[in-house]
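Coordinates in review
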Amino acid sequence: MIATLMFYLLGAVALGATVMAIIQRNPVYSVIYLVKSIFSLALIFYLLGAPMIAALQIIVYAGAIMVLFLFVIMMLEVTPTNAATRTAPGWFHWGPVLLLALTLVALTLMLIGLDPVSSEGVPRWHASPRDFGYTLFKEYALAVKIISFQLSFAAVGAFHVGMTERRRARQEDAS
Amino acid sequence: MSESLVTLALIAVKLGLIFAVILFMAAYLVLAERKILGRMQLRYGPNRTGPFGLMQPLADVIKLLTKEDFVPARADKWLFLLAPGITAVTALLVFAVVPFGPTREIFGQQVPLVVVDLNIGVLYVLGVSSMAVYGVVLGGWASNSKYSLLGGVRGLSQMISYELSLGLSLVPVIMMARSFSLTDIVMAQQNLPFLLLNPVAFGVFFICVLAESNRIPFDLPEAENELVGGFHTEYSGMRFGLFFVGEYINMVVLGSLLTVFFLGGWHGPWLPPLAWFLIKVLAVCAMFIWIRASMPRLRYDQLMNLGWKILLPLSLLNILVTGAVLLGWG
Amino acid sequence: MHVVRGIRGTLQPFWVTLRNMFRKPVTVQYPEEKQQLPERYRARLILTRDPDGAERCVACHLCSAACPVDCISMQAVEAEDGRRYAAWFRINFTRCIFCGLCTEACPTLAIQVTADFELAGRDLLKLVYEKEDLLVDHCGTNSNYNFYRQSGIGVSAPRGRNPGEAPPADVKDLMP
């Protein structure tokens, strides 16, 4: 009972914070609202019996990626935009957003309708880090390895791009 | 019914005691640091308030509470008022999973000497401590001052470069203890602390912890001689005090984390477990103070180099070697 | 070699700080112990008298002109024998920065510095010193210097003819 109530409360907070993150003019506020939304998501994961995912959500998203966002915003000194306040945004502006939102709502309803577990509320199982690890690295070992290879490809690629630019700069310095 | 009431009461007493002890330790760490730093620089340090200056923390608190709580004119008010709290609260929250003694029997009940023994304890520690940087950054940004902003940006970039090695240096510990729970990690060090089993991980973790605590040689966000006060330049009164106390709570908490992960927690001969835990934590804090007295501040690019080019590959290599050894051992 | 130097440079400061911890601090516990100040320490200003017991100050305003923070003010008055003196002389020690430029500017060595630095107080107006607070009963650092005897000025009598005045120095003469 309490878990269900918490779930809906956290869900509302997550949704509200995400909407605020989108409509805020100040990028730093957007980041803070996003962090708030990530936090409520992490708590929802915890309620659903996945503490590992909850912790990773906070460490990776709130602790690393949002920090990186904040870093970029502060380095580039993105100022809040006060311009471009059109009086009546027409269908041209709201149409795509509305379409996206409707699709998302439809998808969610479909998921709830299709999946018998989620419609009954909070499941009773609990994924400890050990179970999580076994599932991830035994059952889905191949997928995990492919994804990690992709990540290392990306890292090597980024390194390569950085290197060529630096080399070019050095050549320009030399000439 | 009465059973659960006793349990609740015990939890409440435990929480209160931990809170009081940590705040007390943080307050007297300030005094100890000033005293030791003074003696290392051929000064006496504070010795006027009470015998040997022992009432100095109290005097400081009274002073900070009676100062004006000032908000700069163009500052972002909400974030400015919020930021010091984030720093202090995250520092306190980390201690929730730190076990400081074996399970004790009080009033016929098994009472574990830890607030909660989470099965994702290590991840919780990493997650909450990575939140601590938000206090620094938001405080720096909201002050609307160049020095504060620079301090905040430095805090961010510092955190990005060492947080990865901090997490990776704990992976061998988790591999050796076969658990994320901090109690299990301490139990795994019953015979031999991980400091002796894996000194490389200890070294990397110690350096990262120094960076995490924003102390010399990694006090770039504050950098008194370049940035006035860094992220807390514009703060006054108890809000500055919260930043300040947060730093020292952080010292206690990080000291106890080092103790739990590498120094064998409460294990030790002859003395009671709690005494061993306290001695180890205080020794780590004394080491922090000694380092502060002896080392200069790293430059921004030196910190980046150290984080990305030395600590990260070293900890990755350490994971590989530890894994190989553990596999070979059986 | 590089590595060895680096390691030594990292470890040496730890030894230095540890050793310092067991040495006696060099600081002085101020209100109980007083520091031995240098002889020429610059602190509170005084107005000295010449060996005959008369005021040295001739109210020339050079000190107040030299003062970078404008903390010296005075009123010049002429006596019957034509010599000038200060009717009132005031130094505002809340503004004084103890630079000692007034003593450099003083032609009669009247204004001098002392090593008395304990001027702190709660009432700012008490730090505005009048002539009677500044005047002392001794000659300060130059115990036998007397301005009028050295240079003499022709006011009621020609130069060097007033009582107690030496004849003016002959600048074309090499002899002392």
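Note that this is a predicted model, so its numbers are computed, not measured.

What follows is about the overall build of chain C. Scanning chain C from terminus to terminus reveals five helices and five strands. Residues classed as buried in chain C amount to 30% of the 176 residues present. Excluding contacts between residues fewer than 6 apart, the proportion of contacts in chain C whose partners are at least 24 apart in sequence is 69%. By element, 55% of the accessible surface of chain C is carried by carbon and sulfur atoms, the whole surface being about 12,100 Å².

The next thing to look at is helix 1 (residues 2-23) of chain A. All names here are of chain A. Relative to the 32 Å expected for 22 residues at 1.5 Å per residue, helix 1 spans 31 Å between its end C-alpha atoms, a close match to the ideal helical length. Every buried residue of helix 1 is accounted for by Leu10, Ala14, Ala17 and Ala21. Buried residues of helix 1, viewed axially, fall in a sector of 70°; they line one side. Helix 1 presents Leu5, Tyr8, Leu9, Leu15, Ile22 and Ile23 as exposed residues on the side facing more than 90 degrees away from its buried surface. At its buried positions, helix 1 is contacted by helix 2 (27-47).

Counting from both sides, the interface comprises 15 residues of chain C and, opposite them, 14 residues of chain B. Where chain C abuts chain B, roughly 1,400 Å² becomes buried across the two surfaces, and 63% of that area is made up of carbon and sulfur atoms. Contact with chain B buries area across many residues of chain C, yet Phe14(C), Met21(C) and Pro25(C) alone supply 39% of it, more than any other trio. In this structure, the connection of chain C to chain B is made through one salt bridge. Of the charged contacts, one joins Glu32(C) and Arg48(B) as a salt bridge, the two residues approaching to 3.1 Å between their closest N and O atoms. Scanning the region where chain C abuts chain B turns up nine residue pairs in polar contact (both at pLDDT 80 or more). A per-class count over the side of chain C that touches chain B returns seven nonpolar, five polar and three charged.

So, about the nonpolar core. Val122(B), Leu182(B), Phe261(B) and Phe262(B) are the most contacted members of the largest nonpolar core, which has 101 residues in total. For Val122(B), the residues in contact, after removing those within four places along its chain, are Leu170(B), Ile174(B), Phe180(B), Leu182(B), Ile185(B) and Phe261(B).

Residue and element names in this part refer to chain C. Of the strand pairs in this sheet, strand 2 (residues 72-78) and strand 3 (residues 84-92) are connected by seven bridges, and their pairing is antiparallel. Directly across from glutamate 78, in strand 3, lies its bridge partner arginine 84. The antiparallel pairing of strand 2 with strand 3 creates a hairpin that spans five residues between the two strands, and glycine 82 there sits at a positive phi of about 90°.

A few words on the interface of chain A and chain B. Between chain A and chain B, the residue contacts involve 26 residues of the former and 24 residues of the latter. Of the roughly 2,100 Å² buried between chain A and chain B, counting both surfaces, carbon and sulfur atoms make up 81%. When residues of chain A are sorted by the area they lose upon contact with chain B, Val67(A), Phe71(A) and Met74(A) head the list and together hold 26% of the total. In this assembly, chain A and chain B are joined by zero salt bridges. Scanning the region where chain A abuts chain B turns up two residue pairs in polar contact (both at pLDDT 80 or more). Per-element tally for the side of chain A that touches chain B: the top contributor is helix 3 (residues 51-76) of chain A, with 15 residues. In terms of residue class, the side of chain A that touches chain B is built from 21 nonpolar, four polar and one charged.

Now for the confidence of the model for chain B. Model confidence for chain B is summarised by a mean pLDDT of 84, while 98% of its residues fall at 70 or above. Mean pLDDT values for the elements of chain B range from 72 in strand 2 (residues 109-113) of chain B up to 89 in helix 8 (residues 199-212) of chain B.

Another point: the sheet that holds strand 2 of chain C. Sheet strands line up and pair through hydrogen bonds in the backbone, either parallel or antiparallel. Spatially, the three strands line up as an open sheet ordered 2-3-5 (chain C), and their pairing is antiparallel. Edge positions in the sheet fall to strand 2 and strand 5 (128-129) of chain C, since each of these pairs with one other strand and no more.

Residues and elements named next belong to chain B. Its place among the elements puts aspartate 219 in the loop between helix 8 and helix 9 (224-227). Its relative accessible area of 4% is what places aspartate 219 among the buried residues. Here arginine 297 takes part through its side chain, which lies 2.7 Å from a polar atom of the side chain of aspartate 219. Residue contacts for aspartate 219: discarding those within four places in its chain leaves Asn214, Glu224 and Arg297.

Following both chains from N to C, one finds helix 3 of chain A and helix 5 (residues 146-177) of chain B inclined at 145°, their axes separated by 10 Å at the closest point. For the pair helix 3 of chain A and helix 5 of chain B, the crossing hand works out as left-handed. Residues Gly63(A), Val67(A), Leu68(A), Leu70(A), Phe71(A), Met74(A) and Met75(A) of helix 3 of chain A form the contact with helix 5 of chain B, whose participating residues are Leu149(B), Val153(B), Leu156(B), Ser157(B), Met159(B) and Ile160(B). By residue class, the composition of the contact of helix 3 of chain A with helix 5 of chain B is 11 nonpolar, two polar and no charged.

Residues and elements named next belong to chain B. In the structure shown here, the tally under the stated rule is five cavities of 30 Å³ or more. Here the largest cavity is characterised by a volume of approximately 210 Å³. Forming the walls of the largest cavity are 19 residues, and the residues nearest its centre are Thr87, Val136, Glu212, Asn214 and Asn250. Of all the elements in the fold, those that place two or more residues in the lining of the largest cavity are helix 4 (121-142), helix 5 and helix 10 (237-261). Looking at side-chain class alone, the lining of the largest cavity contains seven nonpolar, nine polar and three charged residues. Taken as a whole, the second largest cavity encloses approximately 100 Å³ of empty space. In terms of lining, the second largest cavity is formed by 17 residues, of which the most central are Val125, Ser129, Glu212, Leu254 and Leu257. The set of elements that each furnish at least two residues to the lining of the second largest cavity consists of helix 3 (77-94), helix 4, helix 5, helix 8 and helix 10.

Criteria and thresholds
- Starting afresh in each chain, residues are numbered from 1 along the sequence in its written order.
- Think of it this way: whatever chain is written first is A, whatever ligand is written first is 1, and the rest follow in order.
- The model is predicted, so local features are restricted to residues of pLDDT at least 70 and side-chain atom pairs to those at 80 or more, both for listing and for counting; the totals for chains, interfaces and linings are taken over all residues.
- Excluding hydrogens and water, the side-chain values take into account all heavy atoms of the structure.
- Comment: elements are numbered from the N terminus, with helices defined as DSSP H or I runs of at least four residues and strands as E runs of at least two.
- For each residue, the accessible area found with a 1.4 Å probe, counting protein chains only, is set against the maximum for its type, and the residue is called buried under 20%, exposed over 50%, and partly exposed in between.
- Any two residues having at least one pair of non-hydrogen atoms within 4.5 Å are treated as being in contact.
- Only the protein chains shown count as cover for residues, and all accessible areas are computed by the Shrake-Rupley method using a 1.4 Å probe.
- For a helix, the expected span equals 1.5 Å multiplied by the number of residues minus one.
- What the arc describes is the spread of directions from the helix axis to the C-beta atoms.
- Note on definitions: buried area is the accessible-area loss of two parts on being combined, 1.4 Å probe, summed for both.
- A pair is scored as a salt bridge if a Lys or Arg side-chain nitrogen falls within 4 Å of a carboxyl oxygen belonging to Asp or Glu.
- Here a polar contact is recorded for every N or O atom pair within 3.5 Å, except that within protein the pair must consist of a potential hydrogen donor and a potential acceptor, and residues adjacent in sequence are included only if both atoms are side-chain atoms.
- By the convention adopted, Pro, Cys, Tyr, Trp, Phe, Met, Ile, Leu, Val and Ala count as nonpolar, Lys, Arg, Asp and Glu as charged, and the other residues, Gly among them, as polar.
- For this analysis, a nonpolar core means a set of buried residues of the types Ala, Val, Leu, Ile, Met, Phe, Trp, Tyr and Cys, connected via side-chain atoms within 4.5 Å.
- Strand pairing follows a simple DSSP-based rule, namely that at least 2 bridges must link the two strands.
- Note: pLDDT gives the predictor's confidence per residue, expressed from 0 to 100.
- Simply put, an axis is a line fit to the C-alpha atoms, just over the touching stretch for a helix, and the angle between two N-to-C directions goes from 0 to 180 degrees.
- Two helices crossing with the near one rotated counterclockwise from the far one by less than a right angle form a left-handed crossing, whereas a clockwise rotation gives a right-handed crossing.
- Whether a set of points on the 1 Å grid over the protein atoms alone is a cavity depends on a 1.4 Å probe fitting there but being unable to get out, while an open set qualifies as a pocket with protein on both sides within 12 Å along at least five of seven lines; lining residues are those with an atom within 4 Å of a point.
- Grid points are joined across faces, edges and corners, and a volume is the space filled by probe spheres set on the points.

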